[in-house]
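Overview (structure and organization)
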Amino acid sequence: PEWNSEFPRVRDECVGKYCRWGYSGDMDTELVGGDGVFRGYVRWDLEERTGCYTPFNLNGRQLAGGEPVVMPKTGKKGSNEVYIGTFGIDTNENKSYFVVFDGERCGAEAVLAVETPRVPIGFHGNWLSQEQFEDHLRIQSAQSELVRNE
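Residues numbered from 1 in each chain as written. Predicted model: local features only at pLDDT ≥ 70, side-chain atom pairs only at ≥ 80, totals over all residues. Heavy atoms only, no water.

Section: a nonpolar patch on the surface
A contiguous nonpolar surface patch, about 310 Å² in accessible area, is contributed by Tyr83, Val111, Leu112 and Val114. Counting through the fold element by element, Tyr83 comes out in strand S9 (residues 82-90). (Patch = residues over 30% accessible without salt bridge, like charges linked within 9 Å, V, L, I, M, F, W, Y side chains within 5 Å. Areas by Shrake-Rupley, 256 points an atom, 1.4 Å probe, with all protein chains shown as cover. Salt bridge = Lys/Arg side-chain N within 4 Å of Asp/Glu carboxyl O. Helix = DSSP H or I, 4+ residues; strand = E, 2+ residues; numbered from the N terminus.)

Looking at the nonpolar core
Judged by nonpolar contacts, the single largest core of 14 residues is most densely connected at Tyr23, Tyr41, Phe56, Ile84 and Phe101. Put simply, the parts of the chain that give this core at least two residues each are strand S2 (21-27), strand S3 (38-45), S9 and strand S10 (95-102). The residues touching Phe101, leaving out its near neighbours within four places in the chain, are Tyr41, Thr54, Pro55, Phe56, Asn57, Val82, Tyr83, Ile84, Ala108, Glu109, Ala110 and Val111. (Core = buried A, V, L, I, M, F, W, Y, C linked by side-chain atoms within 4.5 Å. Buried < 20%, exposed > 50% of the residue type's maximum accessible area, 1.4 Å probe, protein only. Contact = heavy atoms within 4.5 Å.)

Details of the packing of aromatic side chains
A full pass over the atoms with the stated rule returns seven aromatic pairs. Here Trp3 and Trp44 contribute two aromatic rings whose centre-to-centre distance is 5.5 Å and whose plane-to-plane angle is 85°, an arrangement assigned as edge-to-face. A residue pair is termed long-range when its members are at least 10 positions apart, and Trp3 in the segment before strand S1 (5-9) and Trp44 in strand S3 qualify at 41 residues. In this structure Trp3 comes out as partly exposed when scored by relative accessible area, which is 22%. Arranged with centres 5.8 Å apart and planes meeting at 70°, the rings of Phe7 and Phe38 form a pair that is edge-to-face. A residue pair is termed long-range when its members are at least 10 positions apart, and Phe7 in strand S1 and Phe38 in strand S3 qualify at 31 residues. The exposure class assigned to Phe7 is partly exposed, which follows from its relative accessible area of 30%. Clustering of aromatic rings is evident, with ring pairs tying together Tyr23, Tyr41, Phe56 and Phe101. The side chain of Arg43 reaches across the aromatic face of Trp21, ending 4.8 Å from its centre. The ring of Tyr83 is capped by Lys73, whose NZ or CZ atom sits 5.0 Å from the centre of that ring. (Phe/Tyr/Trp six-rings, centres within 6.5 Å; stacked < 30°, edge-to-face > 60°. Lys NZ or Arg CZ within 6 Å of the ring centre and 35° of its normal.)

Okay, structure coming up:
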């Protein structure tokens with residue numbers, strides 16, 4: 001199969017190191033018209049040089065999705081032990097969702113879907129753990145204090 005693959009991702013701790021599994025979005029320029037809209041993601045086996053496709057489906061309906069983001073499973077270290085998250089829009093019902101897929105289960109439906117306020121198609125993002133987010137807030141607070149004291 002051929003995929004119009006964009007925005008390749010791996011677990012953050014794999015960047016610049018050996019990593020068997022990677023993920024990328026499968027762009028569909030006809031889904032809603034234009035670039036930057038994804039209909040699913042591809043899980044790449046970088047050893048075997050093969051890919052496996054998972055559509056951004058919710059209850060059997062195709063979503064127009066944003067960039068797929070790799071979210072490590074808590075306590076897991078394998079490069080395929082991840083969730084894949086994205087914001088998706090059901091264009092038939094004009095509803096937005098944050099949807100999560102199990103990165104180990106190719107072709108499976110979403111394991112979680114939360115309706116959200118309208119999110120622009122093609123939205124980009126990153127995943128931060130609670131610890132990373134708290135570290136970020138501490139650094140920002142310290143930097144703000146330094147600026148105020150100058």
